[in-house]
Amino acid sequence: MKTIEGINHYKASEKKTILTLGTFDGVHIGHRSIIEKVVSEGQKKNLESIVLTFFPHPRMVLQQDDTLRLLNTIEEKGELLEKLGLDTLIVHPFSQEFSRLTAEEFVKNILVEKLNIAKIIIGYDHRFGRNRTATIDDLITFGKEYNFEVEQIPAEVIDNNSVSSTKIRKALENGEIELANSYLGYPYFINGTVIKGQQLGRKINFPTANIEIKEKYKLIPNLGVYVVQCSIEKETYNGMMSIGFNPTVNENKKLSLEVNLFDFNKDIYNKEIRVCFLKRIRDEEKFDSIELLQTQLEKDKIYSLNYFSKEE
């Protein structure tokens, strides 16, 4: 799959294109049904399959919403889309200027002239153009004028699909990992770098890898302790993760992400790590002593080991 930053960097081939467009945050099961259709039709009709997406998220620009947290970084979204067999991902910078394009300017200048479109597949409720005033009916009219096909995903398909990126974000913010994972079609994950922490876990026989995520907009699930599976240098390890402020030792004024890997004894400082969330064990708690914290961590570990033994 080719990933292209900005529509202006796309170089059209002799093939015409079939595309869909949207933010596709999470690339969840609802998104995938549309993208798989684009890919399969592209292969049947010898068309280049394209997803046109935008970054930053339009809400961050138009509503200046700096509280919005996203399910995927751009790299993660690209990885998920590539697995679906897509030919090309175009990530276009979303700006106030771009948002002011009229519907016809967007269709003529971008879809037709730059992207050489033969067909677009889009939801019946999709709106586009300046102030999002143009509808699917306008797009069908433009399709007749500029000679491309428009296929709309019917209302019953979209309305019967109870999945949305907003619902998944809410589930994660509530700690409902299994619900979020069922909507996503894969375990929710974060990618980060292992950094040095306070190393307090070693003293109570629960050494942890502290994780730093560089993308501040990436959504972190609710505070608490989770059963997780981690990947480091293509190896997979089972473990448990704490998201919180370490209230028992009052060490952290900022959020910490710490993972304890089972049967693990390697130096992984500065290594890249992926953490997949499988189940939430409990809320973050403040214990009256380090000993009580250690006792609870033993229980958390037993719970996690039992979870993995049932999965096998």
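Just so it is clear, the model here is predicted, and its values are computed rather than measured. (Residues numbered from 1 in each chain as written. Predicted model: local features only at pLDDT ≥ 70, side-chain atom pairs only at ≥ 80, totals over all residues. Heavy atoms only, no water.)

1. Quick notes on the nonpolar core
Within soluble globular proteins, side chains that are nonpolar generally end up buried alongside one another. Inclusion rule: Nine residue types can take part in a nonpolar core, namely buried Ala, Val, Leu, Ile, Met, Phe, Trp, Tyr and Cys, and a core is a set of them joined through side-chain atoms within 4.5 Å. Here's how the labels work: a residue is buried when its accessible area is under 20% of the maximum for its type, exposed when over 50%, partly exposed in between, all with a 1.4 Å probe on protein chains only.
The biggest cluster of nonpolar side chains holds 46 residues, and the ones touching the most others in it are Met241, Val259, Val275 and Phe277. The next biggest cluster of nonpolar side chains, apart from the first, holds 29 residues, and it includes Leu21, Leu52, Ile120 and Ile122.

2. What about unusual backbone geometry?
Most peptide bonds take the trans form, and the phi angle of most residues other than glycine is negative. For the record, the criterion: The numbering of helices and of strands both runs from the N terminus, where a helix is a DSSP run of H or I of at least 4 residues and a strand a run of E of at least 2.
A cis amide bond, omega 0°, links phenylalanine 55 with the succeeding residue proline 56. With respect to the helices and strands, the residue proline 56 is situated in the loop between β3 (48-55) and α2 (58-62). Located in the positive-phi region is phenylalanine 24, a residue other than glycine, with phi close to 50°. One non-glycine residue, glutamine 64, lies in positive phi territory at about 50°. In this fold, glutamine 64 is placed in the loop between α2 and α3 (74-82).

3. Some details on the packing of helix α8 (residues 165-173) against helix α9 (residues 177-184)
Cut-off, in case you're wondering: Each axis is a line fitted through C-alpha atoms, taken for helices only over the stretch in contact, and angles between the N-to-C directions span 0 to 180 degrees. What sets the label is the angle itself: under 35 degrees gives roughly parallel, over 145 gives roughly antiparallel, 65 to 115 gives roughly perpendicular, and the rest give oblique. For any helix crossing, the convention is left-handed if the near helix is rotated counterclockwise from the far helix by under a right angle, and right-handed if that rotation is clockwise. We call two residues in contact when some of their heavy atoms are within 4.5 Å. Residue classes follow a fixed rule: Ala, Val, Leu, Ile, Met, Phe, Trp, Tyr, Cys and Pro count as nonpolar, while Asp, Glu, Lys and Arg count as charged, and any other residue, Gly among them, counts as polar.
Running from N to C, α8 and α9 point in directions that differ by 155°, and their axes come no closer than 8 Å. If you check the angle between α8 and α9, you find them roughly antiparallel. The two elements α8 and α9 meet at a crossing, and its hand is left-handed. Within the contact between the two elements, α8 uses Lys167, Ile168, Ala171 and Leu172 and α9 uses Ile177, Leu179, Ala180, Tyr183 and Leu184. Residues of the contact of α8 with α9, tallied by class, amount to eight nonpolar, no polar and one charged.

4. Considerations on the side chain of arginine 282
Quick reminder of the rule: Counted as a polar contact is a pair of N or O atoms within 3.5 Å, where, for protein atoms, one must be capable of donating a hydrogen and the other of accepting one, and residues adjacent in sequence contribute only when both atoms are in side chains.
Relative to the assigned elements, arginine 282 resides in strand β12 (residues 272-282). Within the local environment of arginine 282, its side chain forms a polar contact with the side chain of aspartate 300, the two groups lying 2.8 Å apart. Once residues within four sequence positions are removed from consideration, arginine 282 is found in contact with Gly224, Val225, Phe287, Gln296, Leu297 and Asp300.

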